[in-house]
Amino acid sequence: MCGIVGYVGRAEAAPILLDGLRRLEYRGYDSAGVAIVDRGHLATRKCSGRIAALATLVAKRPLSGSFGVSHTRWATHGKVTDENAHPHFDASGKLALVHNGVIENYQALRDDLVRGGDTNFRSETDTEVLAHLIGKLYDESCASTVDVHQKKARLFAAVRAALQQVIGTYGIALVHADVPDFMIGARRGSPLVLGVGKDENFLASDVSAIVAYTRDAVYLNDFDIVAVERDKFEISSLAGESGDHQVSKVEFTAEDIKKGVYPHYMLKEIFEQPDSVRDAMRGRLSLEECTAKLGGLNMTPAQLRDVGRIVLMGCGTALHAGRVGEYLIERLANIPTEVEFAHEFRHRNTPMTPETLVFAISQSGETADTLGALRESRRKGFRTLGICNNVASTIARESDGGVYMHAGPEIGVAATKSFSSQVVILTLIGLLFGRMRNLSTAEGSRVIEALEALPEQIEIVLKLSDQIKAIAKKYADVNGLLFFGRQFNFPIALEGALKMKEITYLFAEGHPSAELKHGIIALVRPDLPSIFIAPDDAVFSKNLNNIEQVKARKGPIIALTSGNGVNQLKNIANEIISLPAAPDCVMPILTVIPLQLLAYHLAVELGRDVDKPRNLAKSVTVE
Ligand code: G6P
């Protein structure tokens, strides 16, 4: 959801900024731009389209200079045009600003500026208004200053004064042509990290942009403003207080965010699932006590036992993982569990009993809707825990505790390995809470066995990739797809349809199998296949009824099944994808993978941009 990168150092800034932007492209790819200061002159290149288009522009008209800012955009205010691409400038054209977030009161601020005689706006964006406001405050305070230290201090003061007038969210970075080797960053609601190098420093929306240059990072907090120079930085709050900020080591390296032998990040991440699933449970299973150990929850045994209700919230894929979690926790721990769209939870008055425990599920840990819900839940005094992948992300830091996924960087916009990791963690939570209640040691150890068998079973499922590719080729001209599942696999129908929509742009819907006869059956026709997730479990025969109902109406059927299901479906389904047998509570981790692969292969077959599907962004930091 917009990515920003800034650099101050001794090297040429342009290649570093472009390289950083390429790594942040998952955050948005409507337009891109860069502004660099060279000996008191600010030069910019920006255009609509991908980073590759910007790189071509920069190659044709190179930029020199060793400090500057850059941006890749996911449009919120203003169309996708060259003019609306960031960076944006103040009225003097000397200050360049990049921004991730939304300035909600930009119209009022703009009207004020216009009333003061500033009419030199070139774009429709909220960001340009902020650039003008900072520039105006700086120019007013700095008219006669020649001393460079004073200029820095006054630019910093102008940023602070401007941000005090802002309602909304921002991660920003800015430079000024008159203030050499100096960059300012600030955040509220949108992520911003400072990369600390040797004789060079960086700002970025996400450490992946800068990890090739430094693994030392300072994660900024909301309301932090940072003044960045080559060899130092100073952080203080919007209110003027200086805070305590630690430099942390980034967990992964530049190598981890390369595609390697895979044509797309999505395929790489699908194939990483044996490892990511293993890493999600590493060190968290106690064979002796037949339970899970989740110290990060920061809860005593008595507190664990006293939880009377669980609310799981998230958006998109994370929400679907939560839906599996609802079945899991209720089955294993018998605790009433509900799943809430984070954005709905935040704005409605969900009745909450005092013993409610809330989990915010988010791969990025930055999703604005989920963060807003987390804050609302904590404001009301509920213990709110995070299930996040990005270490030190805002949700991870603002929650009362939680469980990291340890899935490694997920770059493909369509979430894959984060989903299976989230489901593993929710199984661990179900197991832990179950073992604090009525789940026997025998049942607990069966869950552990099932979990431990998963990595090898996932390897087996991944071997089906070629079969699934052939199915994708065969069905490439369909007009849409329906996905059906029951119980633990109902959320997998939702997730399968979401993956399909996200990257193939085909119409796709997921439903509980039994809903078929309550309306969806009207859609069934020969060019609309139904994907049934029907492993050989307690509800197989019910699924079989629904499959027959589709068959009777000439709807093509692709069935995911296991065990005896293969035999029972061989004369009914058009295609059978045969999966290893596993207990129903872990089966979703196996059933989701063929659907990820089906969406992937179909998208490739249709010539879609798999890692950067149209209109989407991976980390949605606006509401
Ligand atoms: C966006 C992405 C989805 C993702 C959702 C939640 O909508 O396009 O793929 O599932 O955000 O992201 P999170 O980082 O909170 O898990």
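Small disclaimer: the values here were computed from a predicted structure and weren't measured.

**Q** A description of the overall build of the protein chain should follow, citing residues and the corresponding values.
**A** For the protein chain, the count of helices and strands is 19 helices and 26 strands. Relative to its length of 623 residues, the protein chain is compact, with a C-alpha radius of gyration of 26 Å against a globular reference of 25 Å. A total of 623 residues make up the protein chain; the buried ones form 61% of that total. Expressed as a percentage of contacts within the protein chain between residues at least 6 apart in sequence, the contacts between residues at least 24 apart total 72%. Surface exposure of the protein chain reaches about 23200 Å², of which carbon and sulfur atoms provide 49%. When the 69 positive and 74 negative side-chain charges of the protein chain are each reduced to one mean point, those points stand 2 Å apart.

**Q** Help me get a handle on the site of the ligand, residues and values and all.
**A** In the vicinity of the ligand lie 13 residues, with Thr317, Ser362, Gln363, Ser364 and Thr367 positioned nearest. A distance of 2.5 Å is found between an oxygen atom of the ligand and a side-chain nitrogen or oxygen belonging to Thr367. Among the elements that line the shell around the ligand, the one with the most residues is helix 9 (residues 316-333), at three residues. Partitioned by chemical class, the residues of the shell around the ligand number five nonpolar, six polar and two charged.

**Q** Now, about the domain arrangement of the protein chain: what can you tell me, with residues and values included?
**A** Considered domain by domain, the protein chain is made up of domain 1 (3-101 + 169-257), domain 2 (259-463) and domain 3 (464-612). Its C-alpha centre places domain 2 at a distance of 25 Å from the equivalent point of domain 3. Each side of the interface is counted separately: domain 2 has 36 residues, and domain 3 has 35 residues. The junction of domain 2 with domain 3 conceals about 3100 Å² of combined surface from both sides, 72% of it contributed by carbon and sulfur atoms. The largest contributions to the domain 2 side of the interface with domain 3 come from Met266, Tyr327 and Val461, which together make up 21% of the buried area. There are 16 residue pairs in polar contact (both at pLDDT 80 or more) connecting domain 2 and domain 3. When contributions to the side of domain 2 that touches domain 3 are tallied by element, the ones reaching two or more residues are helix 6 (265-271), helix 7 (273-281), helix 9, helix 13 (417-435) and helix 14 (441-462). Partitioning the side of domain 2 that touches domain 3 into residue classes produces 23 nonpolar, nine polar and four charged.

**Q** Please set out the pairing of strand 10 (residues 201-204) residue by residue, giving values where relevant.
**A** Burial of the side chains of strand 10 extends over both faces: Asn201 and Leu203 are buried on one face and Phe202 and Ala204 on the other. The pairing of strand 1 (residues 3-8) with strand 10 spans four bridges and is classified as antiparallel. Across the sheet, Gly6 pairs through a bridge with Leu203, a residue of strand 10. Across four bridges, strand 9 (residues 193-196) lies against strand 10 in antiparallel orientation.

**Q** Go over the packing of helix 9 against helix 13, please, and point to the residues and values.
**A** Put simply, helix 9 and helix 13 touch, their axes get as near as 8 Å, and they point 25° apart. Between helix 9 and helix 13, the interaxial angle falls into the category roughly parallel. Helix 13 is crossed by helix 9, and the crossing has right-handed handedness. Between helix 9 and helix 13, the contacting residues are Thr317, Ala318, His320, Ala321, Gly322, Val324, Gly325, Leu328, Ile329, Leu332 and Ala333 on the first element and Phe419, Gln422, Val423, Leu426, Thr427, Ile429, Gly430, Leu431, Phe433 and Gly434 on the second. In the contact of helix 9 with helix 13, the residues fall into 13 nonpolar, eight polar and no charged.

**Q** Summarise the sheet that holds strand 4 (residues 67-73); cite the residues concerned and give the values.
**A** Spatially, 3-2-4-1-10-9-11-14 is the arrangement adopted by the eight strands of the open sheet, whose pairing is antiparallel. One side of each edge strand has no neighbouring strand; the edge strands of this open sheet are strand 3 (41-48) and strand 14 (248-249). With three bridges joining them, strand 9 and strand 11 (residues 216-219) adopt antiparallel strand pairing. Considered in strand 11, the bridge of Gly195 is made with Ala217. In the packing of helix 1 (residues 13-24) onto the sheet, the strands contacted are strand 1, strand 2 (31-38), strand 4 and strand 10, and the crossing angle to strand 1 comes to about 155°. The strands touched by helix 2 (residues 51-60) are strand 2, strand 3 and strand 4; relative to strand 3, the strand with the most contacts, the crossing angle is about 140°.

**Q** Report on the pattern of salt bridges, specifying residues and quantitative values.
**A** One pass over the full model with this rule turns up 31 salt bridges. Glu575 is the partner of Lys474 in a salt bridge, and the nearest nitrogen-oxygen pair spans 2.5 Å. Placement of Lys474 in helix 15 (residues 465-474) and of Glu575 in strand 26 (residues 575-579) is noted, with a sequence separation of 101 residues between them. What you see here is one network of salt bridges that share partners, running through Arg187, Asp222, Arg375 and Glu398.

**Q** Could you give me a rundown of the packing of aromatic side chains, with the residues and numbers involved?
**A** Across all of its chains, the model carries five aromatic pairs by this definition. Here Tyr7 and Phe202 contribute two aromatic rings whose centre-to-centre distance is 5.3 Å and whose plane-to-plane angle is 55°, an arrangement assigned as tilted. Taken together, the residues Tyr7 in strand 1 and Phe202 in strand 10 connect sequence positions 195 residues apart. The burial state of Tyr7 is the same as that of Phe202; both residues are buried. Residues Tyr262 and Phe271 carry aromatic rings whose centres are separated by 5.8 Å and whose planes lie at 35° to one another, so their mutual orientation is tilted. Tyr262 gets classed as partly exposed once you look at its relative accessible area, which sits at 27%. Site record: aromatic cluster; members linked through ring pairs are Tyr7, Phe202 and Tyr213. Its guanidinium or amino end placed over the ring of Phe121, Arg110 lies 4.3 Å from that ring's centre, counting from NZ or CZ. Directly above the aromatic system of Phe341 lies the positively charged group of Arg323, at a separation of 5.7 Å from the ring centroid.

**Q** Please provide a residue-by-residue account of helix 7, values included.
**A** Listed as buried for helix 7 are Gln273, Pro274, Ser276, Val277, Ala280 and Met281. The inward-facing, buried residues of helix 7 contact helix 6, strand 15 (285-286), helix 13, helix 14 and helix 19 (587-605).

**Q** Tell me about the nonpolar core, and please be specific about residues and values.
**A** Within the largest apolar cluster, 91 residues are counted, with the highest numbers of intra-cluster contacts made by Leu297, Phe359, Leu426, Ile429, Leu451 and Phe483. Element by element, the count of residues in this core is highest for helix 19, at twelve residues. For this core, the domains that each give at least three residues are domain 2 (259-463) and domain 3 (464-612). Discounting residues that sit within four places of it in the chain, Phe359 has contacts with Leu297, Ile310, Val311, Leu312, Met313, Leu385, Ile387 and Ile429.

**Q** Give a detailed account of the side chain of Arg284, specifying residues and quantitative values.
**A** Of note, Arg284 is situated in the loop between helix 7 and strand 15. Despite its burial, Arg284 pairs with no opposite charge; the closest candidate is Glu251, at 8.8 Å N-O. Reaching out from Arg284, the side chain makes a polar contact with the backbone oxygen of Ala280 at a distance of 2.9 Å. For Arg284, the residues in contact, after removing those within four places along its chain, are Thr291, Ala292, Lys293, Leu294, Val403, Tyr404, His406, Ile425 and Leu428.

How each quantity is defined
- Residues numbered from 1 in each chain as written.
- Predicted model: local features only at pLDDT ≥ 70, side-chain atom pairs only at ≥ 80, totals over all residues.
- Heavy atoms only, no water.
- Helix = DSSP H or I, 4+ residues; strand = E, 2+ residues; numbered from the N terminus.
- Rg over C-alpha atoms; globule rule 2.2 N^0.38 Å.
- Buried < 20%, exposed > 50% of the residue type's maximum accessible area, 1.4 Å probe, protein only.
- Contact = heavy atoms within 4.5 Å.
- Areas by Shrake-Rupley, 256 points an atom, 1.4 Å probe, with all protein chains shown as cover.
- Lys, Arg positive; Asp, Glu negative; His and termini not counted.
- Charge placed at Lys NZ, Arg CZ, Asp CG, Glu CD.
- Near = heavy atom within 4 Å.
- Polar contact = N/O pair within 3.5 Å; in protein donor to acceptor, adjacent residues only side chain to side chain.
- Nonpolar A, V, L, I, M, F, W, Y, C, P; charged D, E, K, R; others polar.
- Domains from an automatic or database assignment.
- Buried area = accessible area lost by both parts, 1.4 Å probe.
- Pairing = 2+ DSSP bridges.
- Axes fitted to C-alpha atoms, helices over the stretch in contact; angles between N-to-C directions.
- Parallel < 35°, antiparallel > 145°, perpendicular 65-115°, else oblique.
- Left-handed = near helix turned anticlockwise from the far one by under 90°.
- Salt bridge = Lys/Arg side-chain N within 4 Å of Asp/Glu carboxyl O.
- Phe/Tyr/Trp six-rings, centres within 6.5 Å; stacked < 30°, edge-to-face > 60°.
- Lys NZ or Arg CZ within 6 Å of the ring centre and 35° of its normal.
- Core = buried A, V, L, I, M, F, W, Y, C linked by side-chain atoms within 4.5 Å.

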